[in-house]
Amino acid sequence: MFHIVFHEPRIPPNTGNAIRLAAVTGSTLHLVEPLGFDLSDAKLRRAGLDYHDLARVRVHRDLDAAIAHVGAHGSGRVYAFTGHTERSFADIAYEPGDALLFGCEPEGLPDEALRHAGVTDRVRIPMVPAARSLNLSNAAAIAAYEAWRQNGFAGGA
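Attention in this report is confined to the structure presented alongside it. (Residues numbered from 1 in each chain as written. Predicted model: local features only at pLDDT ≥ 70, side-chain atom pairs only at ≥ 80, totals over all residues. Heavy atoms only, no water.)

## Considering unusual backbone geometry
So, step 1. The residue after Glu33, namely Pro34, is reached through a cis peptide bond having omega 5°.
So, step 2. Its place among the elements puts Pro34 in the loop between strand E2 (28–32) and helix H2 (42–48).
So, step 3. Between Glu105 and Pro106 the backbone carries a cis peptide bond, its omega angle lying at 0°.
So, step 4. The phi torsion at Phe153 lies on the positive side, around 50°, for a residue other than glycine.
So, step 5. Given the relative accessible area of 37%, Phe153 is considered partly exposed. (Helix = DSSP H or I, 4+ residues; strand = E, 2+ residues; numbered from the N terminus. Buried < 20%, exposed > 50% of the residue type's maximum accessible area, 1.4 Å probe, protein only.)

Okay, here's the thing in structure tokens:
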């Protein structure tokens with residue numbers, strides 16, 4: 001359905017939560033190296049509970065490889081989530097196969113990722129002005145469910 005891409009994630013429970021998110025939404029989770037943990041990390045496994053076998057997870061050596069993969073196996077559209085833009089993620093008309101790209105904790109996406117030629121647009125999740133950021137797995141869930149909702153929760157029950 002959709003591609004959720006974590007660029008250089010560092011906190012195992014956030015990635016574990018994203019594994020669970022991918023499983024329940026029919027999305028594919030893409031992890032761009034280097035990772036800040038080992039995929040066998042107990043905290044990652046605990047956060048993902050028993051969803052590891054139900055989720056599609058791919059690891060890519062770098063952002064170029066991840067974007068090439070989602071381009072070949074998706075819509076070719078990549079939305080980079082950042083606090084450094086004015087366009088709301090809710091203004092996008094998502095299509096099956098779109099990729100939702102998120103940066104690591106706590107820095108977010110680096111400039112070179114935001115400027116990557118494969119990025120279709122930069123979008124933000126609105127927050128009150130005093131807030132700095134959302135938890136990574138929470139942001140991914142908000143975005144994935146909005147994209148899925150716009151597509152009638154295709155494949156869901």
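## Description of the side chain of His3
So, step 1. Summarising the element assignment, His3 is placed in strand E1 (residues 3–7).
So, step 2. Within polar-contact distance, the side chain of His3 engages the backbone oxygen of His73 at 3.2 Å.
So, step 3. If near-sequence neighbours (up to four positions away) are discounted, His3 is found in contact with Thr28, His30, Val70, His73, Gly74, Gly97, Asp98, Ala99 and Leu100. (Polar contact = N/O pair within 3.5 Å; in protein donor to acceptor, adjacent residues only side chain to side chain. Contact = heavy atoms within 4.5 Å.)

## Digging into the side chain of His7
So, step 1. With respect to the helices and strands, His7 occurs in strand E1.
So, step 2. When sequence neighbours within four positions are dropped, the list of residues in contact with His7 reads Val32, Leu63, Leu101, Phe102, Gly103, Cys104, Leu109 and Pro110.

## Some points on the pattern of salt bridges
So, step 1. What the rule picks out here adds up to six salt bridges.
So, step 2. Through salt bridges that share partners, Arg77, Glu95 and Asp98 make up one connected network. (Salt bridge = Lys/Arg side-chain N within 4 Å of Asp/Glu carboxyl O.)

## A few points about the nonpolar core
So, step 1. In terms of nonpolar packing, the biggest core is built from 27 residues, with Ile4, Phe6, Leu29, Phe81, Tyr94, Leu100 and Phe102 touching the most fellow members.
So, step 2. For this core, the leading source of residues is helix H5 (residues 136–150), giving seven residues.
So, step 3. Every residue in contact with Leu100, bar those within four places of it in the chain, is listed here: His3, Ile4, Val5, Tyr79, Phe81, Tyr94, Ala143 and Ala144. (Core = buried A, V, L, I, M, F, W, Y, C linked by side-chain atoms within 4.5 Å.)

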